[in-house]
Amino acid sequence: MKINGYEIAIPEEKLAHMVQEEMLPIEMVNMEFEGYKTLPEGDKKALAHLVAAAKIMNDVALEQDHPLNRTLKKGLEEAANGSEYAANALKIFNSLNGVTGLNGVDQEPVKIFAGVEGYKGRNFYPTDLSVEEFHKIIAKMLDEGKTDEVRKILSARTMVRRSGNELKAVDYTEYFAKEFSAMANELEVAAHYATDDLFKDYLGWQ
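All values derive from a computational prediction rather than experimental measurement.

### Section: the pairing of strand β6 (residues 166–171)
Of the strand pairs in this sheet, strand β5 (residues 158–163) and β6 are connected by six bridges, and their pairing is antiparallel. Note that in β6 the partner of Arg161 across the bridge is Lys168. Connecting the antiparallel pair β5 and β6 is a turn made up of two residues, with Gly164 showing a positive phi of about 65 degrees.

Here you go:
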């Protein structure tokens, strides 16, 4: 079965066994939870917007981890409605929070799609950038006095992309400006509905 042109690498029977026999079921809290029912109506509305903000933040984490995560997850979600095979693949994807990752049992990473590998630099760096080329580019930039840009490239808050024969750093607030704006809107609305004044202020600060 192909999702967005990528073949699911795990056979259907094995995937079903992994989901049914090797995964622990986790029951998420929903609107039937007694604690949720006791919340004031304003806090129920605020919670819905906080969940929406959390989902956007997870989309950011997915893109930082692998360039194909978001598109393949969307493809699995669309296919899952009519295919148990895709639905099980989506469960594995969600357990790993990505197209590949360690499951805590096997030594080798689980790979959901054929030909889709993990990268040493995740998606923080160009996927075709080797360690050797990275060192070579950084050394050249330092020799040319581009210390500030190198410092940004090595920062934990940037996404690094190619710029001609060099590298450039993009601050994550700029790279994910659309997502950050959407999250800010969700937090602002949540603050509007929240009934606790201290929590309302906290959300405003965020």
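### As for the pattern of salt bridges
Scanning all chains against the criterion turns up 14 salt bridges. Glu117 is paired through a salt bridge with Lys111; the nearest N and O atoms lie 2.8 Å apart. Residue Glu133 is joined to Arg162 by a salt bridge in which the shortest nitrogen-to-oxygen separation is 2.9 Å. Here the residue Glu133 occupies a position in helix α6 (residues 131–143), and Arg162 occupies one in strand β5, the gap between them amounting to 29 residues. Put simply, Lys140, Glu144, Lys146 and Glu166 are held in one network by salt bridges that share partners.

### Some details on the packing of aromatic side chains
Within the structure shown, the criterion is met by four aromatic pairs. With 5.5 Å between their ring centres and 80 degrees between their planes, Tyr125 and Phe134 make a pair best called edge-to-face. Of the residues examined, Tyr125 reaches a relative accessible area of 23% and is grouped as partly exposed. Phe134 gets classed as buried once you look at its relative accessible area, which sits at 15%. Ring centres of Phe199 and Tyr202 lie 6.3 Å apart, and the angle between their planes is 15 degrees; this geometry places the pair in the stacked category. Here Phe199 pairs with Tyr202, and both are found in helix α10 (residues 197–205), just three residues apart, close to one helical turn. We note Arg157 situated over the ring of Tyr172; from NZ or CZ to the ring centre the distance is 4.8 Å.

### As for a negative patch on the surface
Together, Glu21, Glu22, Asp106 and Glu108 make up a negatively charged patch on the protein surface. Relative to the helices and strands, Glu108 resides in the loop between β3 (100–101) and β4 (110–111). Residue Glu108 is classed as exposed on the basis of its relative accessible area of 58%.

### Side note on the side chain of Thr100
Here Thr100 lies in strand β3. At a separation of 2.9 Å, a polar atom in the side chain of Thr100 contacts the main-chain carbonyl oxygen of Val110. If we ignore the near neighbours within four places in the chain, the residues touching Thr100 are Pro109, Val110, Lys111, Glu117 and Gly118.

### A short note on the packing of helix α9 (residues 177–193) against α10
Their axes nearest at 8 Å, the elements α9 and α10 cross at an angle of 165 degrees. Overall, the two elements α9 and α10 adopt an arrangement that is roughly antiparallel. The crossing of α9 and α10 is left-handed. Contact residues: α9 offers Leu187, Ala190, Ala191, His192 and Tyr193, while α10 offers Lys200, Leu203 and Gly204. Tallied by class, the residues present in the contact of α9 with α10 amount to five nonpolar, two polar and one charged.

Conventions we followed
Residues numbered from 1 in each chain as written. Predicted model: local features only at pLDDT ≥ 70, side-chain atom pairs only at ≥ 80, totals over all residues. Heavy atoms only, no water. Pairing = 2+ DSSP bridges. Helix = DSSP H or I, 4+ residues; strand = E, 2+ residues; numbered from the N terminus. Salt bridge = Lys/Arg side-chain N within 4 Å of Asp/Glu carboxyl O. Phe/Tyr/Trp six-rings, centres within 6.5 Å; stacked < 30°, edge-to-face > 60°. Buried < 20%, exposed > 50% of the residue type's maximum accessible area, 1.4 Å probe, protein only. Lys NZ or Arg CZ within 6 Å of the ring centre and 35° of its normal. Patch = residues over 30% accessible without salt bridge, like charges linked within 9 Å, V, L, I, M, F, W, Y side chains within 5 Å. Areas by Shrake-Rupley, 256 points an atom, 1.4 Å probe, with all protein chains shown as cover. Lys, Arg positive; Asp, Glu negative; His and termini not counted. Charge placed at Lys NZ, Arg CZ, Asp CG, Glu CD. Polar contact = N/O pair within 3.5 Å; in protein donor to acceptor, adjacent residues only side chain to side chain. Contact = heavy atoms within 4.5 Å. Axes fitted to C-alpha atoms, helices over the stretch in contact; angles between N-to-C directions. Parallel < 35°, antiparallel > 145°, perpendicular 65-115°, else oblique. Left-handed = near helix turned anticlockwise from the far one by under 90°. Nonpolar A, V, L, I, M, F, W, Y, C, P; charged D, E, K, R; others polar.

Distances and angles like these do not, on their own, reveal function.
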